[in-house]
Amino acid sequence: MQILVVDDDNEIIDMLARGLRFEGYDVRTALDGDTALTIFRESAPDLVLLDVMMPGKNGLEVCREMRKIRDTPVVMLTAKDAVTDRVAGLDSGADDYIVKPFAFDELLARVRAHLRRTAPGDSQQVIQFSDLILNTVTHEVHRSGQLIELTSKEFELLQLFMLNPRKVLSREVIYDKVWGYDFGGESNIIEVYIRYLRSKLDTGNSPKLIRTVRGVGYVMKESDNSHEE
């Protein structure tokens, strides 16, 4: 599989390229956003490691442009660890983030997790719940016949709910199944992505599908009760 590494620091580029190639990945590199976008269009990498702080187009801008081209997993590399910075990265369309300095083994684990989840498999092709239809092959989602645009991580989270209808999923289960590692108890990444999904799925008079079960987790169901929001 091919990985595109984008960073304006030659030392980081060299370190990541050597390590990833040693693990058997085909690696392309770029030192700036414009070059990264050119490679992204031409070579269609399977995953992108994208630095946030770069001269010219920064990583957030590049990620937004990539999202317009295709739905490839994007992992942001950032020196900023504030919640607002993480949310900004996720809002730009990124699937994940890792804070510098990072351990290469941790980055490698995240790379494997994202590639494993986007690899073709023998899972059910079309999943339906209520008026919501998800196609695992085309990565298209329709509700009431209307196409809904989702990022790869939003799609993966929605697929988890649709494969487990009416079953309450705890935060721990969602972390494990969607992200594949522990973000830590202080992370609000699940809440952020639930909000993203709700804003895209629950429009007009459509009934709310993803509900919060206070103190437990989340569930996909249409009916309401006193313990859900």
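Because the structure is a prediction, the values reported are computed rather than measured. Sequence order sets the numbering: in each chain, residues are counted from 1 along the sequence as written. Per-residue local features of the predicted model are confined to residues with pLDDT of at least 70, and side-chain atom pairs are confined, for both listing and counting, to 80 or more; whole-chain, interface and lining totals are unaffected and use all residues. Excluding hydrogens and water, the side-chain figures rest on all heavy atoms present in the structure.

1. Regarding the environment of I12
Here is step 1 of the chain: When you line up the elements, I12 lands in helix α1 (residues 10-22).
Here is step 2 of the chain: For every residue, the accessible area (1.4 Å probe, protein chains only) is compared with the maximum for its type, and the residue is labelled buried under 20%, exposed over 50%, or partly exposed between those bounds. Its relative accessible area of 18% is what places I12 among the buried residues.
Here is step 3 of the chain: Here the alpha-carbon distance between I12 and D51, two residues 39 residues apart in the chain, equals 10.0 Å.
Here is step 4 of the chain: Residues are treated as being in contact if the distance between any of their heavy atoms lies within 4.5 Å. Look past the residues within four positions of I12 in its chain and what remains in contact with it is D7 and K100. Labels follow the DSSP assignment, with helices taken as runs of H or I lasting at least four residues and strands as runs of E lasting at least two, numbered in each case from the N terminus.

2. Some details on the layout of surface pockets
Here is step 1 of the chain: Reported here for the second largest pocket is a volume of approximately 240 Å³.
Here is step 2 of the chain: Contributing to the lining of the second largest pocket are 14 residues, with D71, H139, E149, L150 and T151 lying nearest its centre.
Here is step 3 of the chain: Only β8 (140-143) and β9 (146-148) provide two or more residues apiece to the lining of the second largest pocket.
Here is step 4 of the chain: The classification used treats Ala, Val, Leu, Ile, Met, Phe, Trp, Tyr, Cys and Pro as nonpolar, Asp, Glu, Lys and Arg as charged, and all other residues, Gly among them, as polar. Across the lining of the second largest pocket, the residue classes tally to five nonpolar, three polar and six charged. Whether a set of points on the 1 Å grid over the protein atoms alone is a cavity depends on a 1.4 Å probe fitting there but being unable to get out, while an open set qualifies as a pocket with protein on both sides within 12 Å along at least five of seven lines; lining residues are those with an atom within 4 Å of a point. Grid points are joined across faces, edges and corners, and a volume is the space filled by probe spheres set on the points.

3. Observations regarding unusual backbone geometry
Here is step 1 of the chain: Going from K100 to P101, the amide bond is cis rather than trans, its omega being -10°.
Here is step 2 of the chain: Even without a glycine there, the phi angle at S144 is positive, about 55°.
Here is step 3 of the chain: Residue classification places S144 among the partly exposed positions, given a relative accessible area of 48%.
Here is step 4 of the chain: Backbone geometry at R166 places phi at a positive 65°, although glycine is not the residue there.
Here is step 5 of the chain: By secondary structure assignment, the location of R166 is in the loop between α6 (152-163) and β10 (169-170).

4. Quick word on the confidence of the model for the protein chain
Here is step 1 of the chain: A residue's pLDDT is the predictor's confidence in that residue, given on a scale from 0 to 100. This prediction gives the protein chain a mean pLDDT of 85; 88% of its residues lie at or above 70.
Here is step 2 of the chain: Model confidence for the protein chain, summarised as mean pLDDT per element, is weakest for helix α4 (residues 83-91) at 69 and strongest for strand β1 (residues 2-6) at 95.

5. Considerations on the sheet that holds strand β3 (residues 47-51)
Here is step 1 of the chain: Strand order in the open sheet formed by five strands is β2-β1-β3-β4-β5, with parallel pairing between adjacent strands. At either end of the open sheet lies a strand with only one pairing partner, and these are β2 (26-30) and β5 (96-99). Across the sheet, the axes of successive neighbouring strands diverge by a mean angle of 20°, strand direction being ignored.
Here is step 2 of the chain: Paired strands, as defined in this entry, are two strands with at least two bridges between them according to DSSP. Across four bridges, the pairing between β1 and β3 is parallel. The partner of I3 across the bridge, within β3, is L47.
Here is step 3 of the chain: Packing against the sheet, α1 makes contact with β1, β2, β3 and β4 (74-78), and its axis sits at approximately 170° to β2. All axes here are fitted lines through C-alpha atoms, helices being fitted over the stretch that makes contact, and every angle between N-to-C directions spans 0 to 180 degrees.

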